[in-house]
Structure formats: structure tokens, C-alpha cells
Amino acid sequence: MGKIEEFRKFREKMNRRILETGNISTKRFFSLDSAVYNDGALDAKTKELLGLVASMVLRCDDCVTYHILQCKELGITRAQFMEAFNVALIVGGSIVIPHFRRAVALLDELEGVD
């Protein structure tokens, strides 16, 4: 099993476990987290890119991975990813560079780039 599939399976399994055992607050948060990325005044692509930038600045690799996968499914191009990564770099500073590296490595993997 590849890293991406492993990430997806683990995330789904643990989210299911959390929702099975969590209280109403946990369930509400998870529901809100899903709903906020739906089309509204901003389209879903823009919202996912915002989530990606925030995740890079906050240095959450799981969140970066998740948002890259979501963005890919929504048709975000490499050029759009790179602009978003650059926004994260400017906002977050040099501490973002390791996450920038891993984000580009994941994007390369998704696109079959060596």
C-alpha cells in the first residue's frame, strides 16, 4: 500500500472511531469542518487552497496532505499549488520550508514526477 492510500485509510478509520466514541461537540466540529469547504460566496477550490495555506503556516503535515488531495480532486493545477505554497511561505516564514518540501514531494508523487 502506498503512502497516500495508507494516509487515507488511517484517516478514515480513525475519524470513524472518533465519531463512534466522541460526544456531540466532537460530532458538531467534524460536521462543521466538512461543511465549511462547500461552495458559498467562495468556491470550494478557493476554500481548499485557503485551508492548504493555513495548514502549511500552522505546520500540520496531515492537514497539508489532506488539503493537497482535496485540491487535486478539485482540479487545482501545479501552478496554482505553487502560488499557494508561496503565500504560505511569505505568511509563515522560513519555518514553512520543510512543509513546502513535503508538499511538493506529495504533489510530485500524485503527478508521477520523479
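Procedures and definitions
- Residues numbered from 1 in each chain as written.
- Predicted model: local features only at pLDDT ≥ 70, side-chain atom pairs only at ≥ 80, totals over all residues.
- Heavy atoms only, no water.
- Helix = DSSP H or I, 4+ residues; strand = E, 2+ residues; numbered from the N terminus.
- Rg over C-alpha atoms; globule rule 2.2 N^0.38 Å.
- Buried < 20%, exposed > 50% of the residue type's maximum accessible area, 1.4 Å probe, protein only.
- Contact = heavy atoms within 4.5 Å.
- Areas by Shrake-Rupley, 256 points an atom, 1.4 Å probe, with all protein chains shown as cover.
- Lys, Arg positive; Asp, Glu negative; His and termini not counted.
- Charge placed at Lys NZ, Arg CZ, Asp CG, Glu CD.
- 1 Å grid on protein atoms, 1.4 Å probe; cavity = no way out; pocket = protein on both sides within 12 Å on 5 of 7 lines; lining within 4 Å.
- Points joined across faces, edges and corners; volume = space filled by probe spheres on them.
- Nonpolar A, V, L, I, M, F, W, Y, C, P; charged D, E, K, R; others polar.
- Phe/Tyr/Trp six-rings, centres within 6.5 Å; stacked < 30°, edge-to-face > 60°.
- Core = buried A, V, L, I, M, F, W, Y, C linked by side-chain atoms within 4.5 Å.

Within the protein, the secondary structure is distributed over six helices and zero strands. Counted from the first residue to the last, the protein has its helices and strands arranged as α-α-α-α-α-α. Relative to the globule expectation of 13 Å for 114 residues, the C-alpha radius of gyration of the protein, 15 Å, shows essentially globular dimensions. Overall, the C-alpha framework of the protein stretches about 40 × 40 × 25 Å when taken along its three principal axes. The proportion of buried residues among the 114 residues of the protein is 28%. A sequence separation of at least 24 residues applies to 56% of the contacts in the protein between residues at least 6 apart. About 7400 Å² of surface is accessible on the protein, with carbon and sulfur atoms providing 57% of the total. A gap of 6 Å separates the mean positions of the 16 positive and 16 negative side-chain charges of the protein.

Of the volumes computed, that of the largest pocket is approximately 550 Å³. What lines the largest pocket is a set of 22 residues, and nearest its centre among them are Arg11, Asn15, Asp33, Cys63 and Tyr66. Contributions of two or more residues to the lining of the largest pocket are made by helix H1 (3-21), helix H2 (24-35), helix H3 (44-58) and helix H4 (61-73). Grouping the amino acids of the lining of the largest pocket by side-chain chemistry returns 11 nonpolar, seven polar and four charged. The volume enclosed by the second largest pocket comes to roughly 280 Å³. In this structure, the second largest pocket is lined by 13 residues; those nearest its centre are Lys3, Asp61, Thr65, Arg102 and Leu106. Sorting the residues of the lining of the second largest pocket by element identifies H1, H4 and helix H6 (97-111) as the ones contributing at least two each. A breakdown of the residues in the lining of the second largest pocket according to their chemical character gives seven nonpolar, one polar and five charged.

Turning our eyes to something else, we now look at the side chain of His99. Within the secondary structure, His99 is located in helix H6. Every residue in contact with His99, bar those within four places of it in the chain, is listed here: Met56, Arg59 and Asp61.

One pass over the full model with this rule turns up two aromatic pairs. Note on Phe81 and Phe85: the rings are 5.9 Å apart at their centroids and 35° apart in plane angle, and the pair reads as tilted. Pair noted here: Phe81 and Phe85 are both in helix H5 (residues 78-92), with a separation of four residues, about one helical turn. For the pair Phe81 and Phe85, a shared accessibility class is recorded, and that class is buried.

Next up on the list: the nonpolar core. Ranked by internal contacts, the top residues of the largest apolar core, which has 20 residues, are Leu52, Met56, Ile68, Phe81 and Phe85. Secondary structure elements with two or more residues in this core: H1, H3, H4, H5 and H6. Residues in contact with Ile68, not counting those within four places in the same chain, are Leu52, Phe81, Phe85, Ala103, Leu106 and Leu110.

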